[in-house]
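Fold and contact review
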Amino acid sequence: MFKKILIANRGEIAVRVIRACHEMDIRAVAVFSEADRASLHVRLADEAYPIGPAPSRESYLRIDKLMDVAKRAGCDALHPGYGFLAENPALPRACAEAGVTFIGPSADAMEKLGSKTAARQLAKRAGVSAVPGALDPIAEIRDARKIAAEIGYPVLLKAVAGGGGKGMRLVVRESELEAAWRDAGSEATNAFGDGRLYLEKYLVHPRHIEIQILADTHGNIVYLAERECSVQRRHQKVIEEAPSPVIDPELRRKMGKAAVNLAREAGYTNAGTVEFLVDADRNFYFLEVNTRLQVEHPVTEMVSGLDLVQLQIRIAAGERLTFAWQELHPRGHAIECRIYAEDPENNFFPSPGKILARRTASGPGVRMDEGVYPGFVVPMDYDPLLGKLIVWAATREEAIARMSRALDEYYVSGIKTNVDLFRRILADPAFVRAEFHTRWLDKWLQKEFKSPVPAAEDDATAENAALLGALAWHLSQNIAGAAENGATRNPSEPASSRWKIQGRTEQVERFPEK
Ligand code: MV4
(Lines give C-alpha, C1' and ligand atoms only; values in the text may rest on other atoms or scores of the structure.)
Protein backbone atom coordinates (compact mmCIF):
# COMPACT_ATOMS: atom_id res chain seq x y z
CA MET A 1 0.00 0.00 0.00
CA PHE A 2 1.05 3.60 -0.61
CA LYS A 3 2.70 5.56 2.18
CA LYS A 4 2.04 9.10 0.99
CA ILE A 5 -0.48 10.45 -1.48
CA LEU A 6 -0.35 13.85 -3.18
CA ILE A 7 -3.80 15.38 -3.57
CA ALA A 8 -3.76 17.52 -6.69
CA ASN A 9 -6.90 19.43 -5.86
CA ARG A 10 -8.58 21.77 -3.37
CA GLY A 11 -11.84 22.28 -1.48
CA GLU A 12 -14.29 19.61 -0.45
CA ILE A 13 -12.91 16.89 -2.73
CA ALA A 14 -9.37 17.34 -1.38
CA VAL A 15 -10.82 16.99 2.13
CA ARG A 16 -12.70 13.85 1.04
CA VAL A 17 -9.51 12.22 -0.28
CA ILE A 18 -7.53 13.21 2.85
CA ARG A 19 -10.16 11.42 4.97
CA ALA A 20 -9.78 8.23 2.93
CA CYS A 21 -5.99 8.42 3.27
CA HIS A 22 -6.16 8.80 7.03
CA GLU A 23 -8.55 5.86 7.42
CA MET A 24 -6.03 3.78 5.48
CA ASP A 25 -3.05 5.04 7.49
CA ILE A 26 -1.61 6.85 4.48
CA ARG A 27 -0.08 10.31 4.77
CA ALA A 28 -1.92 13.02 2.82
CA VAL A 29 0.00 15.82 1.11
CA ALA A 30 -1.92 18.94 0.10
CA VAL A 31 -1.02 21.62 -2.42
CA PHE A 32 -2.42 25.13 -2.32
CA SER A 33 -2.51 28.36 -4.29
CA GLU A 34 -2.06 31.78 -2.72
CA ALA A 35 -5.85 32.04 -2.40
CA ASP A 36 -6.01 28.75 -0.48
CA ARG A 37 -3.45 29.28 2.30
CA ALA A 38 -6.16 29.01 4.96
CA SER A 39 -8.26 26.35 3.21
CA LEU A 40 -9.63 23.39 5.15
CA HIS A 41 -7.77 20.87 2.97
CA VAL A 42 -4.47 22.54 3.91
CA ARG A 43 -5.31 22.32 7.61
CA LEU A 44 -6.35 18.67 7.51
CA ALA A 45 -3.40 17.42 5.45
CA ASP A 46 -0.21 16.07 7.02
CA GLU A 47 1.93 18.34 4.84
CA ALA A 48 1.05 21.20 2.50
CA TYR A 49 3.03 22.91 -0.26
CA PRO A 50 2.39 26.20 -2.08
CA ILE A 51 2.15 25.87 -5.87
CA GLY A 52 1.64 29.45 -7.02
CA PRO A 53 -0.77 32.34 -7.50
CA ALA A 54 -4.55 32.10 -7.27
CA PRO A 55 -5.41 31.59 -10.97
CA SER A 56 -5.62 27.84 -11.55
CA ARG A 57 -3.54 28.13 -14.75
CA GLU A 58 -0.66 29.18 -12.52
CA SER A 59 -1.26 26.68 -9.71
CA TYR A 60 -3.65 23.71 -9.77
CA LEU A 61 -3.21 23.22 -13.52
CA ARG A 62 0.61 23.22 -13.40
CA ILE A 63 1.75 19.63 -13.86
CA ASP A 64 5.41 20.64 -13.44
CA LYS A 65 4.76 22.11 -10.01
CA LEU A 66 2.72 19.12 -8.89
CA MET A 67 5.47 16.72 -9.94
CA ASP A 68 8.01 18.85 -8.16
CA VAL A 69 6.03 18.62 -4.91
CA ALA A 70 5.47 14.88 -5.37
CA LYS A 71 9.23 14.36 -5.61
CA ARG A 72 10.15 16.76 -2.82
CA ALA A 73 7.59 15.29 -0.42
CA GLY A 74 8.37 11.70 -1.42
CA CYS A 75 4.84 10.80 -2.55
CA ASP A 76 4.29 7.37 -4.08
CA ALA A 77 0.87 8.15 -5.55
CA LEU A 78 -1.28 11.08 -6.73
CA HIS A 79 -5.06 11.54 -6.53
CA PRO A 80 -6.45 14.13 -8.99
CA GLY A 81 -9.94 14.62 -7.48
CA TYR A 82 -12.37 16.02 -10.08
CA GLY A 83 -12.03 19.04 -12.36
CA PHE A 84 -8.63 20.68 -12.93
CA LEU A 85 -6.34 17.99 -14.41
CA ALA A 86 -8.45 14.95 -13.49
CA GLU A 87 -9.27 14.05 -17.11
CA ASN A 88 -6.10 15.30 -18.74
CA PRO A 89 -3.98 12.36 -19.99
CA ALA A 90 -0.86 14.49 -19.59
CA LEU A 91 -1.14 14.05 -15.81
CA PRO A 92 -0.99 10.23 -15.71
CA ARG A 93 1.84 10.45 -18.28
CA ALA A 94 3.82 12.85 -16.11
CA CYS A 95 3.17 10.63 -13.08
CA ALA A 96 4.48 7.57 -14.92
CA GLU A 97 7.62 9.46 -15.84
CA ALA A 98 8.13 10.57 -12.24
CA GLY A 99 7.55 7.08 -10.84
CA VAL A 100 4.38 8.18 -9.02
CA THR A 101 1.26 6.00 -9.28
CA PHE A 102 -1.71 7.88 -10.74
CA ILE A 103 -4.95 7.01 -8.93
CA GLY A 104 -7.23 6.76 -11.94
CA PRO A 105 -7.42 5.20 -15.42
CA SER A 106 -4.53 4.94 -17.87
CA ALA A 107 -3.68 7.88 -20.10
CA ASP A 108 -4.68 5.75 -23.10
CA ALA A 109 -8.16 4.95 -21.78
CA MET A 110 -8.62 8.60 -20.84
CA GLU A 111 -7.60 9.75 -24.29
CA LYS A 112 -9.83 7.26 -26.11
CA LEU A 113 -12.90 8.24 -24.08
CA GLY A 114 -12.13 11.97 -24.25
CA SER A 115 -13.13 11.97 -27.91
CA LYS A 116 -16.93 11.65 -28.00
CA THR A 117 -16.89 10.10 -31.47
CA ALA A 118 -14.19 7.58 -30.51
CA ALA A 119 -16.29 6.72 -27.44
CA ARG A 120 -19.36 6.21 -29.65
CA GLN A 121 -17.37 3.84 -31.86
CA LEU A 122 -16.18 2.01 -28.78
CA ALA A 123 -19.78 1.68 -27.57
CA LYS A 124 -20.75 0.22 -30.91
CA ARG A 125 -17.97 -2.38 -30.74
CA ALA A 126 -19.11 -3.22 -27.21
CA GLY A 127 -22.69 -3.71 -28.40
CA VAL A 128 -23.99 -0.72 -26.43
CA SER A 129 -26.63 1.46 -28.06
CA ALA A 130 -25.82 5.14 -28.39
CA VAL A 131 -28.08 7.94 -29.64
CA PRO A 132 -28.42 7.64 -33.45
CA GLY A 133 -26.04 9.93 -35.33
CA ALA A 134 -22.51 10.33 -36.63
CA LEU A 135 -19.71 8.03 -35.48
CA ASP A 136 -16.95 10.22 -36.88
CA PRO A 137 -16.12 13.91 -36.70
CA ILE A 138 -17.93 15.71 -39.54
CA ALA A 139 -15.53 17.55 -41.87
CA GLU A 140 -17.87 19.78 -43.83
CA ILE A 141 -21.27 21.31 -43.34
CA ARG A 142 -22.64 19.50 -46.39
CA ASP A 143 -21.82 16.18 -44.72
CA ALA A 144 -23.65 17.44 -41.62
CA ARG A 145 -26.63 18.34 -43.79
CA LYS A 146 -26.66 14.87 -45.30
CA ILE A 147 -26.44 13.01 -41.98
CA ALA A 148 -29.07 15.26 -40.39
CA ALA A 149 -31.46 14.58 -43.26
CA GLU A 150 -30.87 10.84 -42.82
CA ILE A 151 -31.56 10.70 -39.08
CA GLY A 152 -34.20 13.44 -39.19
CA TYR A 153 -34.55 16.75 -37.35
CA PRO A 154 -34.28 17.92 -34.61
CA VAL A 155 -30.56 17.14 -34.28
CA LEU A 156 -27.96 18.20 -31.77
CA LEU A 157 -24.55 19.42 -32.94
CA LYS A 158 -21.92 18.43 -30.40
CA ALA A 159 -18.20 19.03 -29.97
CA VAL A 160 -16.00 15.97 -30.50
CA ALA A 161 -13.85 17.15 -27.57
CA GLY A 162 -16.96 18.23 -25.68
CA GLY A 163 -18.81 17.44 -22.54
CA GLY A 164 -20.86 19.56 -20.21
CA GLY A 165 -22.91 21.18 -22.94
CA LYS A 166 -20.14 23.39 -24.39
CA GLY A 167 -20.08 23.59 -28.16
CA MET A 168 -23.54 22.06 -28.32
CA ARG A 169 -26.35 23.46 -30.52
CA LEU A 170 -29.90 22.28 -31.08
CA VAL A 171 -30.93 22.40 -34.73
CA VAL A 172 -34.68 22.13 -35.26
CA ARG A 173 -34.71 22.51 -39.05
CA GLU A 174 -32.24 22.54 -41.90
CA SER A 175 -32.40 26.33 -42.31
CA GLU A 176 -30.83 26.69 -38.83
CA LEU A 177 -27.95 24.32 -39.49
CA GLU A 178 -25.48 26.75 -41.03
CA ALA A 179 -25.53 29.30 -38.17
CA ALA A 180 -25.51 26.55 -35.54
CA TRP A 181 -22.53 24.88 -37.23
CA ARG A 182 -20.56 28.12 -37.10
CA ASP A 183 -21.51 28.92 -33.48
CA ALA A 184 -20.88 25.43 -32.12
CA GLY A 185 -17.57 25.22 -33.97
CA SER A 186 -16.19 28.48 -32.63
CA GLU A 187 -17.46 27.75 -29.11
CA ALA A 188 -15.73 24.35 -29.21
CA THR A 189 -12.52 25.92 -30.51
CA ASN A 190 -12.57 28.44 -27.66
CA ALA A 191 -13.39 25.92 -24.96
CA PHE A 192 -11.32 22.91 -26.05
CA GLY A 193 -8.91 24.14 -28.71
CA ASP A 194 -10.65 21.62 -30.99
CA GLY A 195 -13.53 22.85 -33.11
CA ARG A 196 -14.48 19.48 -34.61
CA LEU A 197 -18.19 18.62 -34.47
CA TYR A 198 -20.50 15.65 -34.94
CA LEU A 199 -24.23 15.31 -34.56
CA GLU A 200 -26.86 13.19 -32.87
CA LYS A 201 -30.59 12.81 -33.06
CA TYR A 202 -32.03 15.13 -30.41
CA LEU A 203 -33.91 13.32 -27.66
CA VAL A 204 -36.72 15.40 -26.20
CA HIS A 205 -36.87 15.43 -22.40
CA PRO A 206 -34.66 12.46 -21.57
CA ARG A 207 -33.48 11.65 -18.06
CA HIS A 208 -29.77 11.67 -17.25
CA ILE A 209 -28.86 8.44 -15.51
CA GLU A 210 -25.30 7.29 -14.93
CA ILE A 211 -23.73 4.02 -13.84
CA GLN A 212 -20.77 3.91 -11.47
CA ILE A 213 -18.23 1.28 -12.41
CA LEU A 214 -15.07 -0.02 -10.76
CA ALA A 215 -12.39 -1.89 -12.68
CA ASP A 216 -9.26 -3.42 -11.18
CA THR A 217 -6.00 -4.04 -13.03
CA HIS A 218 -6.71 -7.79 -13.19
CA GLY A 219 -9.70 -7.59 -15.53
CA ASN A 220 -12.48 -7.56 -12.92
CA ILE A 221 -15.11 -4.94 -13.67
CA VAL A 222 -18.27 -4.34 -11.65
CA TYR A 223 -21.13 -1.86 -11.74
CA LEU A 224 -22.68 -0.24 -8.71
CA ALA A 225 -26.09 1.37 -8.45
CA GLU A 226 -27.09 4.07 -10.91
CA ARG A 227 -27.38 7.74 -10.06
CA GLU A 228 -30.27 9.91 -11.20
CA CYS A 229 -28.83 13.30 -12.23
CA SER A 230 -31.64 14.86 -14.24
CA VAL A 231 -32.07 17.87 -11.95
CA GLN A 232 -29.58 20.24 -13.56
CA ARG A 233 -29.28 23.95 -14.19
CA ARG A 234 -27.53 24.84 -17.44
CA HIS A 235 -25.62 21.55 -17.50
CA GLN A 236 -24.61 21.83 -13.84
CA LYS A 237 -26.02 19.09 -11.66
CA VAL A 238 -27.89 20.47 -8.67
CA ILE A 239 -29.52 17.46 -6.99
CA GLU A 240 -28.47 13.84 -7.46
CA GLU A 241 -29.97 10.66 -6.07
CA ALA A 242 -29.41 6.93 -5.95
CA PRO A 243 -31.08 4.77 -7.00
CA SER A 244 -33.05 6.35 -9.85
CA PRO A 245 -36.78 6.33 -9.13
CA VAL A 246 -37.47 5.04 -12.67
CA ILE A 247 -35.01 2.14 -12.84
CA ASP A 248 -36.16 -1.37 -11.89
CA PRO A 249 -33.81 -4.31 -11.22
CA GLU A 250 -34.06 -5.58 -14.79
CA LEU A 251 -33.17 -2.24 -16.40
CA ARG A 252 -30.43 -1.73 -13.80
CA ARG A 253 -28.91 -5.06 -14.80
CA LYS A 254 -29.09 -4.20 -18.52
CA MET A 255 -27.55 -0.76 -18.12
CA GLY A 256 -24.96 -2.09 -15.68
CA LYS A 257 -23.88 -4.80 -18.12
CA ALA A 258 -23.72 -2.27 -20.95
CA ALA A 259 -21.49 -0.03 -18.80
CA VAL A 260 -19.20 -2.94 -17.90
CA ASN A 261 -18.91 -4.07 -21.54
CA LEU A 262 -18.00 -0.56 -22.61
CA ALA A 263 -15.38 -0.24 -19.87
CA ARG A 264 -13.89 -3.59 -20.90
CA GLU A 265 -13.68 -2.52 -24.55
CA ALA A 266 -11.88 0.68 -23.45
CA GLY A 267 -9.35 -1.15 -21.28
CA TYR A 268 -10.63 0.95 -18.42
CA THR A 269 -9.30 0.73 -14.87
CA ASN A 270 -10.18 2.41 -11.57
CA ALA A 271 -13.47 4.24 -10.87
CA GLY A 272 -15.47 5.64 -13.76
CA THR A 273 -18.97 6.63 -14.73
CA VAL A 274 -20.89 5.71 -17.86
CA GLU A 275 -23.55 8.30 -18.65
CA PHE A 276 -26.81 7.43 -20.37
CA LEU A 277 -29.86 9.29 -21.56
CA VAL A 278 -33.09 7.41 -20.81
CA ASP A 279 -36.25 8.25 -22.75
CA ALA A 280 -39.88 8.11 -21.61
CA ASP A 281 -40.16 4.51 -22.87
CA ARG A 282 -37.12 3.64 -20.77
CA ASN A 283 -34.84 3.03 -23.73
CA PHE A 284 -31.29 3.92 -22.72
CA TYR A 285 -28.60 5.46 -24.90
CA PHE A 286 -24.90 5.79 -24.16
CA LEU A 287 -23.81 9.42 -23.85
CA GLU A 288 -20.21 9.60 -22.57
CA VAL A 289 -17.77 8.23 -20.01
CA ASN A 290 -16.44 10.35 -17.14
CA THR A 291 -12.94 9.09 -16.40
CA ARG A 292 -12.80 10.42 -12.84
CA LEU A 293 -14.35 10.31 -9.40
CA GLN A 294 -17.48 12.44 -9.60
CA VAL A 295 -18.85 15.15 -7.36
CA GLU A 296 -21.96 13.03 -6.71
CA HIS A 297 -20.09 9.81 -5.75
CA PRO A 298 -21.37 9.97 -2.13
CA VAL A 299 -24.94 8.97 -3.06
CA THR A 300 -23.53 5.72 -4.47
CA GLU A 301 -21.47 5.23 -1.32
CA MET A 302 -24.57 5.68 0.85
CA VAL A 303 -26.64 3.02 -0.94
CA SER A 304 -23.75 0.58 -1.51
CA GLY A 305 -21.95 0.88 1.83
CA LEU A 306 -18.65 1.16 -0.07
CA ASP A 307 -15.95 3.82 0.15
CA LEU A 308 -15.20 4.68 -3.47
CA VAL A 309 -12.08 6.71 -2.72
CA GLN A 310 -10.55 3.90 -0.66
CA LEU A 311 -11.39 1.49 -3.48
CA GLN A 312 -9.75 3.81 -6.02
CA ILE A 313 -6.60 3.78 -3.90
CA ARG A 314 -6.68 -0.02 -3.49
CA ILE A 315 -7.18 -0.54 -7.22
CA ALA A 316 -4.28 1.80 -8.02
CA ALA A 317 -2.12 -0.19 -5.60
CA GLY A 318 -2.90 -3.33 -7.59
CA GLU A 319 -5.44 -4.96 -5.27
CA ARG A 320 -8.22 -7.12 -6.67
CA LEU A 321 -11.95 -6.56 -6.48
CA THR A 322 -12.78 -9.74 -4.60
CA PHE A 323 -16.49 -9.70 -3.86
CA ALA A 324 -19.30 -10.81 -6.15
CA TRP A 325 -20.65 -7.35 -6.73
CA GLN A 326 -22.65 -8.25 -9.77
CA GLU A 327 -25.32 -9.03 -7.23
CA LEU A 328 -24.95 -5.84 -5.27
CA HIS A 329 -28.34 -4.17 -4.85
CA PRO A 330 -28.78 -0.60 -3.69
CA ARG A 331 -30.10 -0.36 -0.16
CA GLY A 332 -32.39 2.53 0.76
CA HIS A 333 -32.24 5.91 -0.94
CA ALA A 334 -29.69 8.74 -0.96
CA ILE A 335 -30.01 12.36 -2.10
CA GLU A 336 -27.30 15.00 -2.50
CA CYS A 337 -27.68 18.79 -2.70
CA ARG A 338 -24.74 20.81 -4.01
CA ILE A 339 -24.42 23.89 -1.85
CA TYR A 340 -22.95 26.82 -3.75
CA ALA A 341 -21.92 30.33 -2.77
CA GLU A 342 -24.20 31.90 -5.35
CA ASP A 343 -27.30 34.05 -5.44
CA PRO A 344 -30.37 32.44 -7.01
CA GLU A 345 -32.22 35.77 -6.69
CA ASN A 346 -29.58 37.39 -8.85
CA ASN A 347 -29.25 35.01 -11.77
CA PHE A 348 -27.04 32.65 -9.73
CA PHE A 349 -24.24 35.13 -9.64
CA PRO A 350 -21.26 33.75 -7.66
CA SER A 351 -21.15 35.08 -4.10
CA PRO A 352 -17.63 34.62 -2.76
CA GLY A 353 -16.65 36.28 0.51
CA LYS A 354 -16.12 35.61 4.19
CA ILE A 355 -18.24 33.01 5.95
CA LEU A 356 -19.22 34.78 9.16
CA ALA A 357 -21.14 31.94 10.78
CA ARG A 358 -22.04 28.43 9.77
CA ARG A 359 -24.02 25.71 11.50
CA THR A 360 -23.64 22.40 9.75
CA ALA A 361 -26.38 19.77 9.51
CA SER A 362 -26.01 16.41 11.24
CA GLY A 363 -28.11 13.75 12.94
CA PRO A 364 -29.43 10.42 11.65
CA GLY A 365 -28.58 9.63 8.03
CA VAL A 366 -26.89 12.97 7.32
CA ARG A 367 -23.46 13.44 5.76
CA MET A 368 -21.83 16.77 5.03
CA ASP A 369 -18.81 16.84 2.68
CA GLU A 370 -17.59 20.40 2.86
CA GLY A 371 -14.43 22.36 2.25
CA VAL A 372 -15.12 25.45 4.33
CA TYR A 373 -15.41 26.64 7.96
CA PRO A 374 -16.63 29.78 9.75
CA GLY A 375 -14.15 32.60 9.19
CA PHE A 376 -12.98 31.18 5.87
CA VAL A 377 -13.01 33.51 2.90
CA VAL A 378 -14.46 31.70 -0.14
CA PRO A 379 -12.06 32.67 -2.94
CA MET A 380 -13.50 34.11 -6.12
CA ASP A 381 -10.96 32.27 -8.21
CA TYR A 382 -12.59 28.84 -8.27
CA ASP A 383 -15.89 27.07 -8.57
CA PRO A 384 -17.91 28.33 -5.55
CA LEU A 385 -19.01 24.89 -4.30
CA LEU A 386 -19.06 25.10 -0.49
CA GLY A 387 -19.90 21.49 0.05
CA LYS A 388 -22.43 18.76 -0.44
CA LEU A 389 -25.24 17.81 1.88
CA ILE A 390 -26.04 14.13 1.53
CA VAL A 391 -28.77 12.14 3.26
CA TRP A 392 -29.68 8.48 3.40
CA ALA A 393 -33.02 6.95 4.42
CA ALA A 394 -34.92 3.72 3.83
CA THR A 395 -37.18 5.17 1.11
CA ARG A 396 -37.14 8.13 -1.26
CA GLU A 397 -40.01 9.75 0.60
CA GLU A 398 -38.14 9.55 3.91
CA ALA A 399 -34.94 10.77 2.25
CA ILE A 400 -36.78 13.88 0.99
CA ALA A 401 -38.14 14.53 4.51
CA ARG A 402 -34.68 14.02 5.99
CA MET A 403 -33.07 16.36 3.46
CA SER A 404 -35.66 19.04 4.20
CA ARG A 405 -34.91 18.70 7.89
CA ALA A 406 -31.14 18.84 7.30
CA LEU A 407 -31.52 21.95 5.10
CA ASP A 408 -33.45 23.62 7.91
CA GLU A 409 -30.56 22.89 10.31
CA TYR A 410 -27.88 24.11 7.93
CA TYR A 411 -27.18 27.80 8.27
CA VAL A 412 -24.56 30.07 6.80
CA SER A 413 -24.15 33.86 6.95
CA GLY A 414 -21.84 36.35 5.27
CA ILE A 415 -22.34 34.97 1.78
CA LYS A 416 -25.37 34.10 -0.33
CA THR A 417 -26.11 30.42 -0.96
CA ASN A 418 -28.61 28.33 -2.89
CA VAL A 419 -29.87 26.53 0.25
CA ASP A 420 -33.38 28.06 0.15
CA LEU A 421 -33.75 26.97 -3.43
CA PHE A 422 -33.38 23.32 -2.40
CA ARG A 423 -36.19 23.66 0.14
CA ARG A 424 -38.46 24.89 -2.63
CA ILE A 425 -37.45 22.24 -5.15
CA LEU A 426 -37.88 19.46 -2.60
CA ALA A 427 -41.40 20.72 -1.81
CA ASP A 428 -42.44 20.76 -5.47
CA PRO A 429 -45.05 18.06 -6.22
CA ALA A 430 -43.39 17.14 -9.52
CA PHE A 431 -40.07 16.60 -7.74
CA VAL A 432 -41.77 14.51 -5.06
CA ARG A 433 -43.36 12.36 -7.79
CA ALA A 434 -39.93 12.18 -9.50
CA GLU A 435 -41.46 13.51 -12.69
CA PHE A 436 -38.49 15.39 -14.07
CA HIS A 437 -36.10 15.36 -17.00
CA THR A 438 -32.92 17.17 -18.05
CA ARG A 439 -34.77 20.43 -18.93
CA TRP A 440 -37.09 20.35 -15.91
CA LEU A 441 -35.14 22.57 -13.51
CA ASP A 442 -34.37 25.25 -16.10
CA LYS A 443 -38.10 25.49 -16.83
CA TRP A 444 -38.97 25.41 -13.13
CA LEU A 445 -36.56 28.29 -12.49
CA GLN A 446 -38.03 30.34 -15.32
CA LYS A 447 -41.44 29.92 -13.75
CA GLU A 448 -40.26 30.61 -10.17
CA PHE A 449 -37.97 33.51 -10.93
CA LYS A 450 -40.10 35.68 -13.15
CA SER A 451 -38.35 39.04 -12.89
CA PRO A 452 -40.04 40.91 -9.97
CA VAL A 453 -39.26 44.27 -11.56
CA PRO A 454 -40.03 44.90 -15.23
CA ALA A 455 -36.86 44.75 -17.28
CA ALA A 456 -35.67 48.20 -18.30
CA GLU A 457 -33.23 47.27 -21.06
CA ASP A 458 -33.24 50.74 -22.59
CA ASP A 459 -32.20 52.40 -19.36
CA ALA A 460 -28.90 50.61 -19.05
CA THR A 461 -26.27 53.31 -19.06
CA ALA A 462 -22.92 53.06 -20.74
CA GLU A 463 -21.38 52.86 -17.30
CA ASN A 464 -23.45 49.86 -16.34
CA ALA A 465 -22.66 48.18 -19.62
CA ALA A 466 -18.95 48.75 -19.09
CA LEU A 467 -19.17 47.38 -15.56
CA LEU A 468 -20.91 44.27 -16.77
CA GLY A 469 -18.43 43.76 -19.53
CA ALA A 470 -15.51 44.08 -17.15
CA LEU A 471 -17.14 41.73 -14.68
CA ALA A 472 -17.97 39.14 -17.31
CA TRP A 473 -14.40 39.23 -18.52
CA HIS A 474 -13.08 38.96 -14.99
CA LEU A 475 -15.24 35.94 -14.28
CA SER A 476 -14.30 34.24 -17.51
CA GLN A 477 -10.65 34.70 -16.56
CA ASN A 478 -10.84 33.52 -13.02
CA ILE A 479 -13.77 31.30 -12.19
CA ALA A 480 -12.05 28.23 -13.52
CA GLY A 481 -11.24 25.06 -11.86
CA ALA A 482 -13.25 22.82 -9.72
CA ALA A 483 -16.12 22.53 -12.18
CA GLU A 484 -16.17 18.81 -12.68
CA ASN A 485 -15.65 18.73 -16.39
CA GLY A 486 -12.59 20.92 -16.01
CA ALA A 487 -14.16 23.64 -18.08
CA THR A 488 -14.99 27.07 -16.78
CA ARG A 489 -18.11 27.07 -14.69
CA ASN A 490 -20.85 28.90 -16.55
CA PRO A 491 -20.91 32.29 -14.86
CA SER A 492 -24.41 33.65 -15.09
CA GLU A 493 -25.00 35.40 -18.34
CA PRO A 494 -24.96 39.17 -18.23
CA ALA A 495 -28.47 40.51 -17.80
CA SER A 496 -29.20 44.08 -18.60
CA SER A 497 -32.12 45.03 -16.38
CA ARG A 498 -31.36 47.73 -13.87
CA TRP A 499 -32.11 45.86 -10.67
CA LYS A 500 -29.80 43.05 -11.70
CA ILE A 501 -27.02 45.47 -12.51
CA GLN A 502 -27.53 47.03 -9.10
CA GLY A 503 -26.97 43.65 -7.48
CA ARG A 504 -23.82 43.13 -9.46
CA THR A 505 -22.51 46.57 -8.58
CA GLU A 506 -22.98 45.82 -4.92
CA GLN A 507 -21.14 42.55 -5.30
CA VAL A 508 -18.23 44.12 -7.10
CA GLU A 509 -17.94 46.71 -4.40
CA ARG A 510 -18.19 44.10 -1.72
CA PHE A 511 -15.13 42.16 -2.84
CA PRO A 512 -12.38 44.48 -1.56
CA GLU A 513 -13.94 44.49 1.92
CA LYS A 514 -13.16 40.92 2.82
C1 MV4 B 1 -28.28 15.20 -25.53
C2 MV4 B 1 -29.59 15.60 -25.21
C3 MV4 B 1 -30.62 15.18 -26.03
N4 MV4 B 1 -30.35 14.41 -27.11
N5 MV4 B 1 -28.07 14.43 -26.61
C6 MV4 B 1 -25.99 17.94 -22.37
C7 MV4 B 1 -24.57 17.86 -21.90
C8 MV4 B 1 -23.92 16.75 -22.64
N9 MV4 B 1 -23.19 15.92 -21.76
C10 MV4 B 1 -25.02 16.03 -23.32
N11 MV4 B 1 -26.24 16.76 -23.13
C12 MV4 B 1 -27.39 16.39 -23.75
N13 MV4 B 1 -27.23 15.58 -24.81
C14 MV4 B 1 -29.08 14.06 -27.36
N15 MV4 B 1 -28.84 13.32 -28.44
C16 MV4 B 1 -29.78 16.41 -24.09
C17 MV4 B 1 -28.67 16.81 -23.36
C18 MV4 B 1 -28.96 17.67 -22.24
C19 MV4 B 1 -28.67 17.25 -20.96
C20 MV4 B 1 -28.07 16.04 -20.70
C21 MV4 B 1 -27.78 15.64 -19.42
C22 MV4 B 1 -28.11 16.48 -18.38
C23 MV4 B 1 -28.70 17.71 -18.60
C24 MV4 B 1 -28.99 18.11 -19.89
C25 MV4 B 1 -29.59 19.34 -20.10
C26 MV4 B 1 -29.86 19.72 -21.38
C27 MV4 B 1 -29.54 18.90 -22.44
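Residue positions are given per chain, counting from 1 as you read along its sequence in written order. With the structure being a predicted model, the display of local features is reserved for residues of pLDDT at least 70 and the display and counting of side-chain atom pairs for 80 or more, all residues being used for whole-chain, interface and lining totals. Based on all heavy atoms of the structure, the side-chain values leave hydrogens and waters out of the count.

**Re the overall build of the chain**
Secondary structure counts use DSSP, requiring at least four H or I residues in a row for a helix and at least two E residues in a row for a strand, with both numbered from the N terminus. In terms of helices and strands, the chain carries 17 helices and 22 strands. Across the chain, every contact between residues at least 6 apart in sequence was considered, and the portion connecting residues at least 24 apart equals 69%. Only carbon and sulfur atoms are counted for the fraction: they give 50% of the accessible area of the chain, which is about 20,700 Å². We call two residues in contact whenever any of their non-hydrogen atoms come within 4.5 Å of each other. To measure how exposed things are, a 1.4 Å probe is used in the Shrake-Rupley method; for residues, cover is taken only from the protein chains shown.

**Topic: the confidence of the model for the chain**
Confidence of the prediction at every residue is given by pLDDT, a number between 0 and 100. Summarising the model, the chain shows a mean pLDDT of 89, and 87% of its residues fall at 70 or more. A low-confidence stretch, residues 473-482 stays under pLDDT 50, and its non-local contacts, those more than four residues away or across chains, total 28 contacts. Per-residue pLDDT stays below 50 along residues 486-514; that stretch engages in 68 contacts with residues further than four places along the chain or on separate chains.

**Considerations on the site of the ligand**
As a matter of local geometry, the ligand sits amid 17 residues, with K158, E200, K201, L203 and H208 nearest to it. Each polar contact in these results corresponds to two N or O atoms within 3.5 Å; when the atoms are within protein, one needs to be able to donate a hydrogen and the other to accept it, and residues that are neighboring in sequence are counted only if both atoms are side-chain atoms. Between the ligand and the protein, one listed contact pairs a nitrogen atom with a side-chain N or O atom of E200 at 2.9 Å. Within the side chain of E288, one N or O atom sits 3.2 Å away from a nitrogen atom of the ligand. Considered on its own, the ligand offers 520 Å² of accessible surface; in the complex 95% of this is hidden by protein. Under the convention adopted here, Pro, Cys and the residues Ala, Val, Leu, Ile, Met, Phe, Trp and Tyr are nonpolar, Asp, Glu, Lys and Arg are charged, and Gly plus all remaining residues are polar. In the shell around the ligand, the residues fall into 7 nonpolar, 6 polar and 4 charged. Proximity criterion: a residue is near a molecule or strand once any of its heavy atoms comes within 4 Å of it.

**Remarks on the environment of I335**
Within the element layout of this structure, I335 appears in strand β14 (residues 333-340). For each residue, the accessible area found with a 1.4 Å probe, counting protein chains only, is set against the maximum for its type, and the residue is called buried under 20%, exposed over 50%, and partly exposed in between. A relative accessible area of 0% places I335 in the buried class. Distance from I335 to E228, taken between C-alpha atoms, is 9.4 Å for residues 107 residues apart in sequence. Excluding its chain neighbours within four sequence positions, the residues that come into contact with I335 are I239, E240, E241, V299, L389, I390, V391, A399, I400 and M403.

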